[in-house]
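What follows is the residue order along each chain.
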Amino acid sequence: MSWLFGYSRPQQPPPEDSPAGGAGSAAPPVNLTSAEKKAMEAYRFDSSALERAAQAARELEKSKHAKDALELSKLQESTRQHEQMAKIKEYEAAIEQSKVEQRRVDYEERRKTLQEETKQHQMRAQYQDQLAKTRYEEQLLQHQKSQEEILRKQEESVAKQEALRRATIEHEMELREKNKLKAIEAEARARAKADRENRDITLEQIRLKAAENRTTILESIQTAGNVIGTGLNALVTDWDKTLAAVGGLSLLALGVYTAKGATSVTARFIEARIGKPELVNETSRFSLLEALKHPILTMSKAVANFRKPSDALAGVVLAPNLEKRLRDIAIATKNTKTNKGFYRNLLMYGPPGTGKTLFSKKLAKHSGMEYAIMTGGDVAPMGKHAVASIHKMFDWANTSRKGVLLFIDEADAFLRKRSSAAISEDLRAALNAFLYRTSDQSSRIMLVLASNTPQQFDSAINDRLDKMIEFGLPGLEERERLIRLYFDKFVLQPASEGKRRLNVEQFDYGALCSKLAERTAGMSGRALSKLGVAWQAAAYASDDGRLTEQMCIEICDDAVQDHRQKMEWLSAEEKTRSMMPYLLDLPPLDRVEDNAQKASISEITETKEEPQNKQSTKKAKETDLEK
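What you are looking at is a predicted structure, and each value in this text was computed from that prediction instead of being measured.

(A) Spatial organisation of the overall build of the protein chain. In terms of helices and strands, the protein chain carries 19 helices and eight strands. Taken across its 627 residues, the protein chain has 25% of its residues classed as buried. Partitioning the contacts of the protein chain with sequence separation of at least 6, the portion at a separation of at least 24 is 76%. Accessible surface computed for the protein chain: about 44,300 Å², of which carbon and sulfur atoms make up 55%.

(B) Quick peek at the state of the cysteines. Throughout the structure, instances matching the rule amount to zero disulfides. We note that cysteine 513 lacks a disulfide partner, and the nearest cysteine sulfur, in cysteine 552, lies 8.5 Å from it. For cysteine 513, a relative accessible area of 3% puts it in the buried group. There is no disulfide at cysteine 556, and the cysteine sulfur nearest it, in cysteine 552, is 9.1 Å away. You can call cysteine 556 buried: its relative accessible area is 0%.

(C) Representation of unusual backbone geometry within the structure. With a phi angle near 55°, lysine 340 is a residue other than glycine that sits in the positive phi range. By secondary structure assignment, the location of lysine 340 is in the loop between α9 (320–338) and β2 (346–349). Taking the relative accessible area as the measure of exposure, lysine 340 reaches 74% and is therefore exposed.

(D) Here's a closer look at a nonpolar patch on the surface. A surface patch of nonpolar side chains, amounting to about 270 Å² of accessible area, comprises Ile228, Leu232 and Leu235. Summarising the element assignment, isoleucine 228 is placed in helix α5 (residues 199–237). On the basis of relative accessibility, which here comes to 52%, the residue isoleucine 228 falls in the exposed class.

(E) Region of interest: the nonpolar core. Formed by 33 residues in total, the largest nonpolar core has its most connected members in Leu406, Ile408, Phe414, Leu415 and Leu449. Elements with a minimum of two residues in this core: β2, β3 (370–375), α11 (386–398), β4 (404–409), α12 (425–437), β5 (445–451) and α13 (459–463). If you tally residues by element for this core, the top one is α11, at six residues.

(F) Representation of the pattern of salt bridges within the structure. Counted under the stated rule, the structure contains 21 salt bridges. Among the salt bridges present, the one from lysine 133 reaches aspartate 129, with a minimum N-O distance of 3.9 Å. Of this pair, lysine 133 and aspartate 129 are both found in helix α4 (residues 66–197), four residues apart, which corresponds to roughly one turn of the helix. Judged by its relative accessible area of 46%, lysine 133 falls in the partly exposed class. Judged by relative accessible area, which is 39%, aspartate 129 ranks as partly exposed. With its nearest N and O atoms 2.7 Å apart, the salt bridge here joins arginine 152 to glutamate 156. Of this pair, arginine 152 and glutamate 156 are both found in helix α4, four residues apart, which corresponds to roughly one turn of the helix. Each of the salt bridges in this network shares a partner with another, and the network as a whole consists of Glu149, Arg152 and Glu156.

(G) Main features of helix α3 (residues 47–62). Between its first and last C-alpha atoms α3 spans 23 Å; for 16 residues at 1.5 Å apiece the expected length is 22 Å, and the two agree. Among all positions of α3, only Ala49, Ala53 and Ala56 are buried. Down the axis of α3, the buried side of the element spans an arc of 65°, and every buried residue falls inside it. Opposite the buried face of α3, at more than 90 degrees from it, the exposed residues are Leu50, Glu51, Glu61 and Lys62.

(H) Broad picture of the packing of aromatic side chains. Tallied over the entire structure, the rule returns seven aromatic pairs. With a centroid separation of 6.1 Å and an interplanar angle of 35°, the aromatic rings of tyrosine 486 and phenylalanine 490 are classed as tilted. Residue tyrosine 486 and its partner phenylalanine 490 are both found in helix α14 (residues 476–497); the two are separated by four residues, about one turn of the helix. Looking at tyrosine 486, the relative accessible area reads 16%, which means it is buried. Take phenylalanine 490: its relative accessible area is 17%, and that puts it in the buried class. Measuring from ring centre to ring centre gives 4.8 Å for phenylalanine 507 and tyrosine 509, while their planes differ by 90°; the resulting arrangement is edge-to-face. Linked through ring pairs, Phe487, Phe507, Tyr509 and Trp535 together constitute an aromatic cluster.

(I) Main features of the packing of α11 against α12. Remark: α11 packs on α12, axes separated minimally by 8 Å, with the N-to-C direction vectors making an angle of 20°. Compared by their axis directions, α11 and α12 come out roughly parallel. The chirality of how α11 crosses α12 is right-handed. Between α11, through Ala386, Val387, Ile390, His391, Phe394, Asp395 and Asn398, and α12, the contact on the second element is made entirely by Ala429, Ala430, Ala433, Phe434, Tyr436 and Arg437. Of the residues belonging to the contact of α11 with α12, the class tally is nine nonpolar, two polar and two charged.

(J) How the structure looks around the packing of α14 against helix α16 (residues 525–541). Between α14 and α16, the least distance of the axes is 9 Å, while the angle of their chain directions is 30°. The pairing of α14 with α16 is recorded here as roughly parallel in orientation. Judged by the twist between their axes, the crossing of α14 over α16 is right-handed. Residue-level contacts link Arg479, Leu482, Ile483, Tyr486, Phe487, Phe490, Val491 and Pro494 of α14 to Gly525, Leu528, Ser529, Gly532, Val533, Trp535 and Gln536 of α16. Tallied by class, residues from the contact of α14 with α16 come to 10 nonpolar, four polar and one charged.

(K) Up close: the sheet that holds β2. Strand order in the open sheet formed by six strands is β1-β3-β4-β5-β2-β6, with mixed pairing between adjacent strands. Each edge of the sheet is formed by a strand with only one pairing partner; in this case those strands are β1 (280–283) and β6 (467–470). Direction aside, the axes of adjacent strands within the sheet are offset by 20° on average. Here β3 runs beside β4; their pairing, made up of six bridges, is parallel. The partner of glutamate 370 across the bridge, within β4, is valine 404. With respect to the sheet, helix α10 (residues 356–367) is in contact with β1, β2, β3, β4 and β5, its orientation differing from that of β4 by roughly 175°.

(L) Representation of the pairing of β3 in the model. For β3, the buried fraction is high: five of the six residues fall into the buried class. For the segment spanning β3, α11 and β4, crossover handedness is right-handed.

(M) The pairing of β5, seen in detail. Of all seven residues in β5, seven are buried; the element is thus mostly enclosed. Burial along β5 is two-sided: Ile445, Leu447, Leu449 and Ser451 facing one way and Met446, Val448 and Ala450 facing the other are all buried. Taken together, the five bridges between β4 and β5 define a ladder with parallel strand orientation. Residue pairing across strands places phenylalanine 407 opposite valine 448, the latter belonging to β5.

Quick notes on the rules
Residues numbered from 1 in each chain as written. Predicted model: local features only at pLDDT ≥ 70, side-chain atom pairs only at ≥ 80, totals over all residues. Heavy atoms only, no water. Helix = DSSP H or I, 4+ residues; strand = E, 2+ residues; numbered from the N terminus. Buried < 20%, exposed > 50% of the residue type's maximum accessible area, 1.4 Å probe, protein only. Contact = heavy atoms within 4.5 Å. Areas by Shrake-Rupley, 256 points an atom, 1.4 Å probe, with all protein chains shown as cover. Disulfide = S-S within 2.5 Å. Patch = residues over 30% accessible without salt bridge, like charges linked within 9 Å, V, L, I, M, F, W, Y side chains within 5 Å. Salt bridge = Lys/Arg side-chain N within 4 Å of Asp/Glu carboxyl O. Core = buried A, V, L, I, M, F, W, Y, C linked by side-chain atoms within 4.5 Å. Expected span 1.5 Å × (residues − 1). Arc of directions from axis to C-beta. Phe/Tyr/Trp six-rings, centres within 6.5 Å; stacked < 30°, edge-to-face > 60°. Axes fitted to C-alpha atoms, helices over the stretch in contact; angles between N-to-C directions. Parallel < 35°, antiparallel > 145°, perpendicular 65-115°, else oblique. Left-handed = near helix turned anticlockwise from the far one by under 90°. Nonpolar A, V, L, I, M, F, W, Y, C, P; charged D, E, K, R; others polar. Pairing = 2+ DSSP bridges. Right-handed = clockwise from strand over helix to strand, strands pointing away.

Below is the structure:
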């Protein structure tokens, strides 16, 4: 229908020869501007368009589709209205959106403004606080300076006053000293003048005093002579008085010597029954003085004495052959005590820490005897008193009813060869006293000597030994048993009690003990016990108190390395005589390497050129040990 109203087709320009008086157009004024011409064109009426519209309407009425065309035009108009309304809604939504965006922008601007204001306030507050601090520090500094100035002035004033006071005192002392000297001088002059004037009187007084003293002494001598002469005359002439005097003097002397001897014997008896000798470091024998000093320890020892072990080797891990020999000795000692026979003296030698002292205590408890432990190194510092101390110790041991097992640790310290130039006269005398007290077999004292170098003993000491037992280093099986024992004692038992800060990671304990036994070749029982203590200390030092398998292995490797270093420090004589037979064929250490590059223990390597030399050296040292 757009063509109906004439805006779909281009408008035809009016013909140039149109009549001037036509109704459809008029000639425009000649002198108008372009804007005015455009305005005039907008208000011009096109009559041809109206004629075409009328013509189209007549044709449409004649057509059979006129009604449909009208409905179509209405529908198009309605559609355009709807589109216009949708555009209006979109415009309104856009307006609302722009308002919302404007509000958001305003809110954001307001928030930024508030933040900036807050920041400015904070900066202002900080600045004011800084100014206040600076002002306060300046005030403190000024106050401090003023105080220091005041103190300085006061000190100067006090120093001046002290100087004046000191000068005054010195002047007074000087004047006093001068006056004193003058007074002494005047007094001396007066005394000298008086002495000169009274010289004759003084000499006469001296003569009279000398005459009186001489007369008194002579009279005393004469009186004493008369008394002594009269007494001697009476003793010579009267035999009853002579006998009474001699008897009284004799009884007096006898009483003095008897009291002195009785006091000495009583003191020894009391010392033997109440105290313990100075040389004895540890004993299971009851002592009244020790009980008064340590009552709890004495009670615990008394309770332990009632619990006699059924086996003398309970808790002692040794080689099977050595256990058999020691068990036979324990049975023989117990039966000897029961039958009141004579005890056999023992020598236990070997590396330190192999159980010699422990077996001696177990042997004494198993046989029902009392034990006393002394150290050979305690004899030399006593000097000339060592002989008396040795006699006191044996006298004290002889008073025991149960019998005493006297264990002397490091006996070679004072029982060495008398032909040696290193032994002193005091040690030689102590050795002779010891030989005197051990010359015969005893039914009260069992002598047990322990030494790492038995070849240094005097030949007389060797003659008094009835049995020699070698305590060697533990083998593989013994080390595994010892490691299991100490792992259970120092780790598993405290962890199972739950009272201590100690717990153990779950792993195969038996396999670990076997593995560590292979690593610890050459270590003694004491060194293995220290290994158990080291495990416990490592668990206590950890953050959670947990002991892991890797910690056990690392601690063991460190202990083995330390042990090897100690063996390297031994002197050539010690390696040859005492320790070297036990250090042969030690296995090398396993090298522990991981991503963390842990410290590893270097292996002991041997060159290919040394097998024959090693075998010959080993045989020579075994021969030396047998000698």
